[in-house]
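In case you want the letters, here they are:
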Amino acid sequence: MNEESYTKLFSFITTINNDYTINIPSEELEKIFKSGINEIRIDIYGNIYSAINNLEIDINIFNKVKSLQKIPEDVTLNFLKAKGSLINSNIRERIQY
């Protein structure tokens, strides 16, 4: 697969269903297939602020960490999600001195 040979054909916004599937507009896929394209690349983008809200992360803390550390939003989110997980992981017992 040559990344340079791909071009954007269409985009759409959808949600993840409870069974972890997504709905892709079949009429668009049909047009693409009938035009001779049968291999596609899918990139998934998520709404970071929706995740912040759903995970009940304080938006002010998120923005402050992002600004002070000068890190991207996805890194900031993962950092805040990991808060306390290292302490609760018995890391001390797993480290070989």
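Everything discussed here concerns the structure shown above.
Asks: Explain the overall build of the chain to me, using residue names and the numbers behind them.
Replies: Along the backbone of the chain there are five helices and zero strands. Reading the chain from its N terminus to its C terminus gives the helix and strand order α-α-α-α-α. Counting every position in the chain, which comprises 97 residues, the buried fraction comes to 9%. Carbon and sulfur atoms make up 53% of the accessible area of the chain, which totals about 9000 Å².

Asks: Summarise unusual backbone geometry; cite the residues concerned and give the values.
Replies: The phi angle at Tyr 20 is positive, at roughly 65 degrees, despite the residue not being glycine. Owing to a relative accessible area of 75%, Tyr 20 belongs among the exposed residues under this scheme. For Glu 56, which is not glycine, the phi dihedral falls at a positive 55 degrees. Considering the arrangement of structural elements, one finds Glu 56 in the loop between helix 2 (48-54) and helix 3 (59-69). Given a relative accessible area of 73%, Glu 56 falls into the exposed group.

Asks: Give a detailed account of the environment of Thr 15, specifying residues and quantitative values.
Replies: Note on placement: Thr 15 falls in the segment before helix 1 (26-34). For the pair formed by Thr 15 and Gly 46, sequence separation is 31 residues and the distance between their alpha carbons is 9.7 Å. When residues no more than four places from it in sequence are discounted, the contact partners of Thr 15 are Thr 21 and Ile 22.

Asks: How would you summarise helix 3 if you had to cite specific residues and measurements?
Replies: Between a side-chain oxygen at the N-terminus of helix 3 and the backbone nitrogen of Asn 60 the separation is 2.7 Å; the capping residue is Asp 58. Directly beyond the C-terminal end of helix 3, a positive phi value near 55 degrees is found at Lys 70.

Asks: Report on a nonpolar patch on the surface, specifying residues and quantitative values.
Replies: Together, Leu 9, Phe 12, Ile 16, Tyr 20, Ile 22, Ile 24, Leu 29, Ile 37, Ile 40, Ile 42 and Ile 44 make up a nonpolar patch on the protein surface, roughly 1100 Å² of accessible area in all. Within the secondary structure, Tyr 20 is located in the segment before helix 1.

Asks: Got a sec to walk through the nonpolar core? Specific residues and values, please.
Replies: Nonpolar side chains tend to gather and get buried jointly when the protein is soluble and globular. Counting residues in hydrophobic clusters, the biggest one holds seven residues: Ile 48, Ile 52, Ile 57, Phe 62, Val 65, Leu 77 and Leu 80. Elements that contribute at least two residues to this core include exactly helix 2, helix 3 and helix 4 (73-81). Contact partners of Phe 62, with chain neighbours within four places excluded, come to Ile 48, Tyr 49, Ile 52, Ile 57, Glu 73, Thr 76, Leu 77 and Leu 80.

Definitions and limits used
The numbers attached to residues start from 1 for each chain and follow its sequence in the written order. Residue-level local features of this predicted model are given only where pLDDT is at least 70; pairs of side-chain atoms are given and counted only at 80 or more, and the full residue set underlies all totals for whole chains, interfaces and linings. Side-chain figures throughout are based on the complete set of non-hydrogen atoms in the structure, without hydrogens or water. Counting from the N terminus, the helices are the DSSP runs of H or I reaching at least four residues and the strands are the DSSP runs of E reaching at least two. A simple rule labels every residue: compare its accessible area, found with a 1.4 Å probe on the protein chains alone, to the largest value its type can have, and call it buried under 20%, exposed over 50%, or partly exposed in between. The accessible surface values rely on the Shrake-Rupley method and a 1.4 Å probe; as for residues, cover is taken only from the protein chains in view. Contacts were defined at the residue level, with two residues in contact if any of their heavy atoms lie within 4.5 Å. In the analysis that follows, any N or O atom pair within 3.5 Å is treated as a polar contact, provided that within protein one partner can donate a hydrogen and the other can accept it, and provided that, for residues neighboring in sequence, both atoms belong to side chains. Exposure above 30% relative accessible area and the lack of any salt bridge qualify a residue for a patch; like charges then connect within 9 Å, and the nonpolar side chains Val, Leu, Ile, Met, Phe, Trp and Tyr within 5 Å. Each salt bridge in this description consists of a side-chain nitrogen of Lys or Arg and a carboxyl oxygen of Asp or Glu lying within 4 Å of one another. The term nonpolar core refers to a set of buried residues drawn from Ala, Val, Leu, Ile, Met, Phe, Trp, Tyr and Cys, joined through side-chain atoms within 4.5 Å.

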